[in-house]
Every structure is written in C-alpha cells, then in structure tokens.
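Close look at the chain arrangement
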Amino acid sequence: MISLVKKLGAWGAVLPLLGYCAIALGLPIWAILWDGLHLTNPQNTSETTGSLTLANLTTSWHGIYLKGLETSLRLSLFTAIISALVGLFAAYAIAQSKGRYFKQAVLTASGVLANFGGIPLAFCFIATIGTGGVFLSWIQSVWPSFALDTFSGVAVVYPYFLIPLMVLTTLPALDGLREQWKEASANLGGTSWQYWRHIGGPLLFPAALGGFVLCFGSSFAAYATAKALTDGTVPLVTTQIASILSGNVIAGENDLGMALAFNTVIVCGVMMAVYLPLRKRSAKWLES
Amino acid sequence: MRSASISASHSPAAAPVGARRPKRRGLDLSRVRWWRVAVLGVLGIYFVVPLAATFWFTFYTPGTHQFSLSPYGQIFSAKGFGTSVLLTFKVAVLTIVILYALLIPAMIAVQLRLPKLKPLLESLAMVPLVLSPVALVVGVQTVLGWGTNGNPGTPLFQLAVDLQNGNFPLILPIIYVVIALPFAYRSLDAQLRSVDLKTLVEASRGLGASWPVTIWRAVLPNLRTGLLSGAILTLALVFGEYTISSILQFLPFSVWIVQDSQGATSGQLAPAVSLLSLLLSWAVLFLVSFLGGRRAAGSNRSS
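Residues numbered from 1 in each chain as written. Chains lettered and ligands numbered in written order. Predicted model: local features only at pLDDT ≥ 70, side-chain atom pairs only at ≥ 80, totals over all residues. Heavy atoms only, no water.

1. A few points about the overall build of chain A
Secondary structure assignment for chain A yields 13 helices and zero strands. N-terminal to C-terminal, the α/β element order of chain A is α-α-α-α-α-α-α-α-α-α-α-α-α. Here the contacts in chain A between residues at least 6 apart in sequence split such that 68% fall between residues at least 24 apart. Per element, the accessible surface of chain A, about 12,800 Å² overall, is 69% carbon and sulfur. (Helix = DSSP H or I, 4+ residues; strand = E, 2+ residues; numbered from the N terminus. Contact = heavy atoms within 4.5 Å. Areas by Shrake-Rupley, 256 points an atom, 1.4 Å probe, with all protein chains shown as cover.)

What follows is the structure, given as structure tokens:
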C-alpha cells in the first residue's frame, strides 16, 4: 500500500514533464505528419480540402527537392563520419589526460561549442576563410577551388559544432573504461591491439556509433549555419523548407513545405530508432 | 555507488590469451602521448583560429589600417539593443524556470522510484538534438494556425494570439524548453550520478523533513553545479537561437543583431557580440564547474 502511494507520487512528478513534451514536441510533430499526408489547399476542384493524399510527398521526392534531400544526406553522412572519428580520438586523448583543469576546460568548451551553431558560427568562418577572410589565401594555396559557399565549404564548418557534440557524448563511455580492465588484459598477456579488439572496442562501439548517429542527425537538422554560409546555393532540405515557408516560392506550396518537414521527421525517427538500442547496450556496461 | 564497487566484478570475460609478448610499456606510453599532442594540437588550431580571426576582424579595419575596439563599445548604444536584450533575457529566464520546474522533480522521481522510466526520459531528451528546428517550427506554426484560423473570440483563437504576442511571445520559451532539454538533462544527469541521492533523501526524510523541505534543503544544494551549468547552457542557447524566432518573426537579440544592427555599424558589431557571448558563457561555465568540482573533489570516483 505504502509502496503504491510512493509510486503514484513519483508518477505525479514525472507526468508534467511527459505531458509538456507531448504538447510542445508531440503536437507539432503530429501536425507535420498529418498535414504532410493531407491536402490543405487543393489545386483542382475534384479534390476536397483535408482528403488523404500522397501527392505532397511525391512532389517532395522529385526534382530539386530530391536533390536537396540527397545533398543533405550526403553532407550529414560526410561531416558525421569525419566528426565522429576525430571526436572519438579527441575524446580519448582528453579522457587519458590527467590534468583536471584541462579536462574541465575542454568539457565546458564542448558544451558551449556544441551549442554554437547558426549565424555566429557562420560569421566566424566568413571572417576566417570567407571572401576577404584572413586565411582564405592560405587555404586556397593548398585547395585552389575552395569557397565557403559550396558543399565543401559547409563541410569544413559543420565539424565545428559536431566534434564537441561527439566529445560530449562519448567522453562518459571513455571515462567508464577502467584502467583495471586494461591491466587485467595486460596481466593475462594481451597486447594493446587485443585489448582494443576484445574489450575496449566492443565496450565503446555502442557509444561511438550513438555519437555518430547524433552527429548525423544534428548535421541534418542544422539550418541557420547553412543559410548564412550559402544563402541557398547548396540545396539542403532545411533551407528549402525555410524558403518555402517565407514565401520565396510560388504561393500555395505550403503543403510542400509540410511534406519536406515530413521527410526530415522521418529521418529523425530513423536516427532515433538506430540510436536508442545502442544507447541501451552501452549504458548496461558503463552505468553499473 | 560506483565508488564502492570494485571494478573487477564488472570486468567482461578476459581477453583470449594470445601471444605472450612482454609488454613494452615505456614505448607504448610515449607513443600515446605523441599522438595525443598531435590530435589536440590540430583540433586546437581548428577551434581557435576562426575565433581569433573573428576577433581580428572586429577590431581591425583593412581600408584605413586602423585598430579600434569601438565595435565593442557600440554594442551598448545601438538602437534596439536594450529592448531586444531585455526580451531575450526574460525569455531565457522563463525558459529556465519552466525547464527546471518540469525536469527536477521528474529526474529525482525517476532516480529514486521509477528507474524503469530512465530510458524513456533519456530518449525524450535526445529527440530535440536530431529534430530539425526548422521542422519543429513548421509544426508549431501549423498548431498555432489551428487557433488563429478559427473563429475570433473562441478560447483557442485567443490562446494562439496571446502566445504570439509581440511584446512577450510566450511561444518562444515554450519551444525553447524543448530545445534546451538535451543540454539541461545532460548536466543534471551527470550531477545526479555523482550524488548519492538515495542516502541523502532517506537521511533527510528519516529526520522528519517533508518532501519539499528535503528537495529544497538537501537535494538541490547538492545539485547546484549541474543546475547552474544547465542554466548557463540554456541561457547561451536562448541568446544564440536564430532559426525559430526568425521564422516566427519575433525580434529577440539573435535576430536583431543580424537584421537591425547592421545599418548602425560597419558589420563588425555582430561578430563582436557573438564572440563576446561565446567566450563569456564558456568562462562562466568553466568557473562554475571548477568551483563545484573543487568541493566535490575526492569524495567520489575511485579510479
């Protein structure tokens, strides 16, 4: 009886948060999914408002919108692979370091930098390697075709907030690798390679892959940075949605914006479906 | 608690015994050091150079070859600076208040009584990281549209209009709470792990304190560092957020600095401000974690 009361009290503390998320997060997502599949302003008279249709989605999978989706996915994959690899090495180097101040400084910097996207980030890179930037000539001497408002330009900028994100997500796992395991492996005659192959690697793998998925999702979701850097010259889903919303495209294409948003929600859903099981596996080892 | 457990009890099946080579410890160690320096050095360049270049750009005018720190001084006198900062600050404070009012009880309850819900909470706190703010704002606009497209005078219409009131758009903190959730959750979670919450609460309750008193006097003071760093991250996030507020056509600080401030100065103002806010939030965050870490040092973590 008492335990029941306790459980009820605990639920009472959790439910407000869940309810809030259902409204502030669930409702908008539901609206996108609903509107993506329904007509809101029919083009010809045979269709009625609110009827179920795949027309919006079919449009969003053709022409420039398909290209945008494809470029977004390619950019996200590319930047996420680079950021995940570099971030993992960086996190390992940080986890190994003994200096507490250094660790603390890097951790807090990662927290701030992972948040540091959008216009300010674009400013920084424009000042550095944009047209007239301080270091543009340096970069172009090794990479002549480089320009900030191209695919490669954006790919150079994105790791700036993705690597800190990777460090943030994998550092707990790397910190959880105990020195004793390494020693135990060494005592049993294992080499460094064998330690990573059979102990460290499998333990880290879920966290690392999870971090990669987060980087991918976060890169896919980024908007303001790409907008400020390229102003639409590189077709990306997020910039396309925004330009449809702000009415730069033919009026009445609101449904199309919905369908594009629908696509990003689907991508987000796939990311979460990949990430969550991995998260669970890594937590099993590291949180004991 | 993790400090009490001996790590050997968790170790996985030992690695298969392979070649029994003597371990070359000295060489191994020096190699690790070397690449650590290389990796961190390259990353240091990548992360510092853009900031340094921006700093250079803000106080050096190439045309006249003049150095001046005037953009930093102009920030405060630019037109609209006061109102936009005040608006953003109010939005940020409200965001933090709502966020913590929801998050603190939920996380404590999950930690103490409903550990099964932890994965749910954790995944909920991940969604905003991968969900595009643009998509989210599309959804929000649609939901608001349900209200404003309805009949004027109905409560739903009134609610949608009130939420978008230009003087204080309540919709912004409501969305920002969702966006800030991952970062606040992470800071709080890290702090909760280092505190023996169960013992703390049992001791307090055993001495006769009520739940509110326990939370206020025993739990929150121990979570101080995590709460503070979560709040600072949220503050930085709200001050930097551009996508949502610009699409919803409000004028908080981040949008004002891009749109309205440019006429006033030679475009050096905006980078100066973003640089300043970045360094400031990092410095405060570091200070907080440093002060908090000093108190907690030695009390936890065995390895």
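2. Quick notes on the state of the cysteines
Among covalent bonds in proteins, the disulfide is the one between the sulfur atoms of two cysteines. Residues and elements named next belong to chain A. In the structure shown here, the tally under the stated rule is zero disulfides over all chains. The closest cysteine sulfur to the non-disulfide-bonded C124 is located on C215, 20 Å from its own sulfur. You can see C268 has no disulfide; the closest cysteine sulfur is in C21, sitting 13 Å from it. C268 sits in the buried class, given a relative accessible area of 7%. (Disulfide = S-S within 2.5 Å. Buried < 20%, exposed > 50% of the residue type's maximum accessible area, 1.4 Å probe, protein only.)

3. So, a nonpolar patch on the surface
Residues I23(A), L27(A), W30(A), W34(A) and W146(B) make up a contiguous nonpolar surface patch of roughly 530 Å² in combined accessible area. Examining the composition of the nonpolar patch, we find that four residues originate from one element, helix α1 (residues 2–36) of chain A, more than from any other. Within the element layout of this structure, I23(A) appears in helix α1. (Patch = residues over 30% accessible without salt bridge, like charges linked within 9 Å, V, L, I, M, F, W, Y side chains within 5 Å. Salt bridge = Lys/Arg side-chain N within 4 Å of Asp/Glu carboxyl O.)

4. Some points on the packing of helix α6 (residues 133–148) of chain B against helix α8 (residues 171–194) of chain B
Residue and element names in this part refer to chain B. Contact geometry of α6 with α8 gives a least axis separation of 12 Å together with a crossing angle of 140 degrees. Taken together, α6 and α8 sit at an angle that is classed as oblique. Viewed along their axes, α6 and α8 form a crossing whose handedness is right-handed. Residue-level contacts link L136, V140 and L144 of α6 to I171, I175 and I179 of α8. A breakdown of the residues in the contact of α6 with α8 according to their chemical character gives six nonpolar, no polar and no charged. (Axes fitted to C-alpha atoms, helices over the stretch in contact; angles between N-to-C directions. Parallel < 35°, antiparallel > 145°, perpendicular 65-115°, else oblique. Left-handed = near helix turned anticlockwise from the far one by under 90°. Nonpolar A, V, L, I, M, F, W, Y, C, P; charged D, E, K, R; others polar.)

5. Quick look at the packing of helix α8 (residues 159–176) of chain A against helix α10 (residues 192–221) of chain A
What describes two packed helices is the angle between their axes and the distance between those same axes. Residue and element names in this part refer to chain A. Relative to each other, α8 and α10 sit at 155 degrees, their axes nearing to 9 Å. Relative to α10, the element α8 is oriented roughly antiparallel. Read as a crossing pair, α8 and α10 show a hand that is right-handed. Residues F161, L162, L165, M166, T169, T170, A173 and L174 of α8 lie in contact with α10, whose contacting residues are L204, A207, A208, G211, F212, L214, C215, S218 and S219. In terms of residue class, the contact of α8 with α10 is made up of twelve nonpolar, five polar and no charged.

6. Looking at the interface of chain A and chain B
With 96 residues of chain A at the interface, the matching set in chain B holds 91 residues. Its largest share of buried area at the contact with chain B, chain A owes to L17(A), Y20(A) and Y160(A), together 8% of the area lost on that side. Along the contact surface separating chain A from chain B lie zero salt bridges. Here chain A and chain B share seven residue pairs in polar contact (both at pLDDT 80 or more) between them. It is α1(A) that provides the largest number of residues to the side of chain A that touches chain B, a total of 20 residues. Taken together, the residues of the side of chain A that touches chain B sort by class into 69 nonpolar, 19 polar and eight charged. (Buried area = accessible area lost by both parts, 1.4 Å probe. Polar contact = N/O pair within 3.5 Å; in protein donor to acceptor, adjacent residues only side chain to side chain.)

7. Some remarks on the confidence of the model for chain B
All names here are of chain B. Averaged over all residues, the pLDDT of chain B is 77; the fraction at 70 or higher stands at 80%. Taken element by element, the predicted model of chain B shows its lowest mean pLDDT in helix α2 (residues 70–74) (70) and its highest in helix α3 (residues 81–112) (90). Within the model, the stretch residues 1–27 combines pLDDT values under 50 with 32 contacts to residues more than four positions away or in other chains. In the predicted structure, residues 297–303 sits below a pLDDT of 50 and forms six contacts with residues beyond four places in sequence or in another chain. Listed scores for the predicted complex are pTM 0.81 and ipTM 0.81. (pLDDT = per-residue confidence, 0-100.)

8. Let's talk about the side chain of S185(A)
With respect to the helices and strands, the residue S185(A) is situated in helix α9 (residues 179–187). Every residue in contact with S185(A), bar those within four places of it in the chain, is listed here: G190(A), T191(A), Y195(A) and I199(A).

9. Quick notes on the environment of V138(B)
As for its position among the elements, V138(B) is in helix α6. On the basis of relative accessible area, V138(B) is assigned to the buried category, the value being 1%. In sequence terms V138(B) and S210(B) are 72 residues apart; their C-alpha atoms lie 44 Å from each other. The contact partners of V138(B), leaving out residues within four places of it in the chain, are I241(A), L245(A), M258(A) and A261(A).

10. Focus on unusual backbone geometry
The residue Q249(B) is not glycine, and still its phi comes out positive at about 60 degrees. Its location among the elements puts Q249(B) in the loop between α12 (243–247) and α13 (253–259).

11. Describing the nonpolar core
Counting 173 residues, the largest nonpolar core has Y158(A) and Y160(A) as its most contacted members. Contact partners of Y158(A), with chain neighbours within four places excluded, come to L75(A), T79(A), S219(A), A222(A), T225(A), A226(A) and L236(A). (Core = buried A, V, L, I, M, F, W, Y, C linked by side-chain atoms within 4.5 Å.)

12. Describing the packing of aromatic side chains
Going through the model one piece at a time under the given rule, you end up with 16 aromatic pairs over all chains. Seen from their ring centres, F125(A) and Y46(B) are 6.2 Å apart, and the 50 degrees between their planes marks the pair as tilted. Here Y46(B) lies in helix α1 (residues 25–59) and F125(A) lies in helix α5 (residues 118–129), a pairing that spans two chains. According to the relative accessible area criterion, F125(A) is buried, its value standing at 3%. Taking 5.7 Å as the distance between ring centres and 65 degrees as the angle between the ring planes, the aromatic pair formed by F239(B) and F253(B) counts as edge-to-face. Pair noted here: F239(B) is in helix α11 (residues 224–240) and F253(B) is in helix α13, with a separation of 14 residues, a long-range link. Site record: aromatic cluster; members linked through ring pairs are F125(A), Y160(A), Y46(B) and F47(B). (Phe/Tyr/Trp six-rings, centres within 6.5 Å; stacked < 30°, edge-to-face > 60°.)

13. Focus on the pattern of salt bridges
Residue and element names in this part refer to chain B. This model, assessed by the stated rule, comprises two salt bridges over all chains. One salt bridge connects D189 with K118, and the closest N-O pair in it is separated by 3.4 Å. Linking D189 in helix α8 with K118 in helix α4 (residues 118–124), this pair joins segments that are 71 residues apart in sequence. Note on accessibility: D189 and K118 belong to one class, buried. In this structure D189 comes out as buried when scored by relative accessible area, which is 6%. A cluster of three or more residues bridged by salt bridges with shared partners is formed by K118, D189 and R193.

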